[in-house]
Amino acid sequence: LEAINAQYPFEPLEYLRPSLRLTFEEGVKMLQEAGVEIDPLDDLSTETERLLGKLVKEKYKTDFYILHRYPLNARPFYTMPAPDNPDYTNSYDVFIRGEEIISGAQRIHDPVLLTERAKACGLDVATIESYIKSFSYGAPPHGGCGVGLERVAMLYLGLNNIRKTSLFPRDPTRLTPP
């Protein structure tokens, strides 16, 4: 970290133990109190995520936090609805410095509910029939997440470009190393 900080100076990451966990509703309330007009059952834009990160930093003195119980409308059809409120889900995002690094959720493991959710989201169930059928053989409650390791490194180190964290960065004009 010292070697990187010598070349790319950064502010040390501030975090709490245990990590701060906010519900989506709490995050929306913070944004609304800051004057942001936001639909409480819609997803956050990148801009509102960054603003929420600043608000969290000011209020809780942490760069690292978890936002959980996202609205049903903001998640894929296979995300498990919250058992106590069908408008929300058993899902979460993890943030560093106001930017998402992990997105995850409990997945629906019941084929009937999975079919209902697919239809509610306007999907042609015939196109995912084999996926849904696989759950008819029995599946335990389960979850999954996606982690952007290069994003984690970039945000942890306060770097201004993800290319600085990739051994072989690619972009629209560069697909292979020089």
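Structural notes, computed from the coordinates. This is a predicted model, so every value here is computed, not measured.

Quick notes on helix H3 (residues 46–60)
For H3, which comprises 15 residues, the first-to-last C-alpha distance of 21 Å matches the rise-based estimate of 21 Å (1.5 Å per residue) to within 8%. Regarding H3, the residues found buried are Thr48, Glu49, Leu52, Gly53, Leu55 and Val56. Next to the buried residues of H3 lie strand S1 (20–23), helix H2 (24–33), strand S2 (64–68), strand S5 (91–96) and strand S6 (99–107).

Thoughts on the environment of Gly148
For Gly148, the location among the structural elements is in the loop between strand S7 (142–147) and helix H6 (149–156). It is 20 Å that separates the C-alpha atoms of Gly148 and Ile4, two residues lying 144 residues apart in sequence.

Quick word on the side chain of Glu49
Here Glu49 is to be found in helix H3. Of the side chains with opposite charge, Arg151 comes closest to the buried, unpaired Glu49, at an N-O distance of 6.1 Å.

Comments concerning the sheet that holds S5
Think of a sheet as strands paired side by side through backbone hydrogen bonds, with each pair either parallel or antiparallel. With mixed pairing, the five strands of this open sheet are ordered in space as S1-S2-S5-S6-S7. Only two strands of the sheet have a single neighbouring strand rather than two, namely S1 and S7. With strand direction ignored, the average angle separating the axes of adjacent strands in the sheet is 20 degrees. The pairing of S6 with S7 spans six bridges and is classified as antiparallel. Each bridged residue has a counterpart across the sheet, and for Arg107 the counterpart in S7 is His142. Each of S1 and S2 is contacted by H2, which is oriented at about 85 degrees to S1, the strand it contacts most. Helix-sheet contacts for H3 involve S1, S2, S5 and S6, and the interaxial angle to S2 is about 120 degrees.

A look at the pattern of salt bridges
One pass over the structure, following the stated rule, counts seven salt bridges. Of the charged contacts in the structure, one is a salt bridge between Glu99 and Arg50, with a shortest N-O distance of 3.6 Å. One end of the pair, Glu99, is in strand S6; the other, Arg50, is in helix H3, with 49 residues separating them in the sequence. Overlapping salt bridges bring together Glu14, Lys57, Asp63 and Arg97 as one network.

Here's the deal with the side chain of Thr48
Turning to its location among the elements, Thr48 is positioned in helix H3. A residue is classified by how much of its surface remains accessible, and Thr48, at 13% relative accessible area, is buried. Not counting residues within four places of it along the chain, the set of residues in contact with Thr48 comprises Leu31 and Val36.

The rules we used
Residues numbered from 1 in each chain as written. Predicted model: local features only at pLDDT ≥ 70, side-chain atom pairs only at ≥ 80, totals over all residues. Heavy atoms only, no water. Helix = DSSP H or I, 4+ residues; strand = E, 2+ residues; numbered from the N terminus. Expected span 1.5 Å × (residues − 1). Buried < 20%, exposed > 50% of the residue type's maximum accessible area, 1.4 Å probe, protein only. Contact = heavy atoms within 4.5 Å. Lys, Arg positive; Asp, Glu negative; His and termini not counted. Salt bridge = Lys/Arg side-chain N within 4 Å of Asp/Glu carboxyl O. Pairing = 2+ DSSP bridges. Axes fitted to C-alpha atoms, helices over the stretch in contact; angles between N-to-C directions.

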